[in-house]
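Chain by chain, the residues:
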Amino acid sequence: IEKIPHLDVTTNSGFGWDTIAASVAGAIIASAIPAGIAWWSIRNNNRTMREDREKQFQDFEESRNTQIKIAEEGRKAQIIAANRLVWIKDLREASAEFVSSVFNNLSQCQKLNVLLDEFDKKNTNSQGDENYPEPVMQAKNDAYTSFVQLVLHTTRIKMMLNPERTEHIKIMKLMDDLKKHSE
């Protein structure tokens, strides 16, 4: 052990490209990771926002369509209600005219019956219409005219009623019975 070995350590004092390359590569990798995470987050946020907007738009469209349907049904209900009020008013008027025409027809028929009875008592040998005096002929004409009005009002009311409803069928039957009685 007489001699201590000599170690020759020399350092190259030149520029260290390997150190710079490693530092740059490390910096790029170190900054790429958060940038990649940020890019992935932004992309997912954009996709989520787009899906949310599409869902909101669909919900908006559904809501709008529902509101349109509700508005249309409300409008239809208002029209039906208004038309129903008009129908009720017209039916009341037609019913009043019908009752008036029934009364008028009964009055005319009674007047005609009285005149015919008087004529028959005076003339036992009557041969037909041509021998009736003017008041009897006028009464026959008035009775016929009142019967035509009765038929007109009956028909008008029947056209306003529903032939499938039980109440309306009863009303139509009663009107027909009154009309038959007047014939």
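Just above sits the structure.
Okay, so let's go over this structure. This structure is a prediction, so every number in the text was calculated from the model and none was measured.

1. Side note on the overall build of the protein chain
So, step 1. For the protein chain, the helix and strand inventory stands at three helices and zero strands.
So, step 2. Start at the N end of the protein chain and walk to the C end: the helices and strands fall as α-α-α.
So, step 3. With 183 residues in all, the protein chain has 16% of them scored as buried.
So, step 4. Considering only contacts within the protein chain whose residues lie at least 6 apart along the sequence, 66% involve residues at least 24 apart.
So, step 5. When the accessible surface of the protein chain is summed, it comes to about 15,000 Å², and 59% of that surface belongs to carbon and sulfur atoms.

2. Regarding the nonpolar core
So, step 1. Counting residues in hydrophobic clusters, the biggest one holds eleven residues: Leu91, Ala94, Phe98, Val102, Phe147, Leu150, Ile157, Met160, Leu161, Met172 and Met175.
So, step 2. Put simply, the parts of the chain that give this core at least two residues each are helix H1 (17–122), helix H2 (134–160) and helix H3 (166–182).
So, step 3. Grouped together as the second largest cluster of nonpolar side chains are eight residues, Leu112, Leu115, Leu116 and Phe119 included.

3. What to know about the packing of H2 against H3
So, step 1. Packing of H2 against H3 brings their axes to within 11 Å, and their N-to-C directions diverge by 170 degrees. Relative to H3, the element H2 lies roughly antiparallel. Seen from H2, the contacting residues are Phe147, Leu150, Val151, Thr154, Ile157 and Lys158; seen from H3, they are Met172, Met175, Asp176, Leu178, Lys179 and Ser182.
So, step 2. Looking at the contact of H2 with H3 residue by residue, the classes come out as seven nonpolar, two polar and three charged.

4. Focus on H2
So, step 1. The end-to-end C-alpha distance of H2 is 39 Å, a good match for the 39 Å that 27 residues give at a rise of 1.5 Å each.
So, step 2. Turning to H2, its buried residues are Val136, Ala139, Ala143, Ser146, Phe147, Leu150, His153, Thr154, Ile157 and Met160.

Scoring rules and cut-offs
Residues numbered from 1 in each chain as written. Predicted model: local features only at pLDDT ≥ 70, side-chain atom pairs only at ≥ 80, totals over all residues. Heavy atoms only, no water. Helix = DSSP H or I, 4+ residues; strand = E, 2+ residues; numbered from the N terminus. Buried < 20%, exposed > 50% of the residue type's maximum accessible area, 1.4 Å probe, protein only. Contact = heavy atoms within 4.5 Å. Areas by Shrake-Rupley, 256 points an atom, 1.4 Å probe, with all protein chains shown as cover. Core = buried A, V, L, I, M, F, W, Y, C linked by side-chain atoms within 4.5 Å. Axes fitted to C-alpha atoms, helices over the stretch in contact; angles between N-to-C directions. Parallel < 35°, antiparallel > 145°, perpendicular 65-115°, else oblique. Nonpolar A, V, L, I, M, F, W, Y, C, P; charged D, E, K, R; others polar. Expected span 1.5 Å × (residues − 1).

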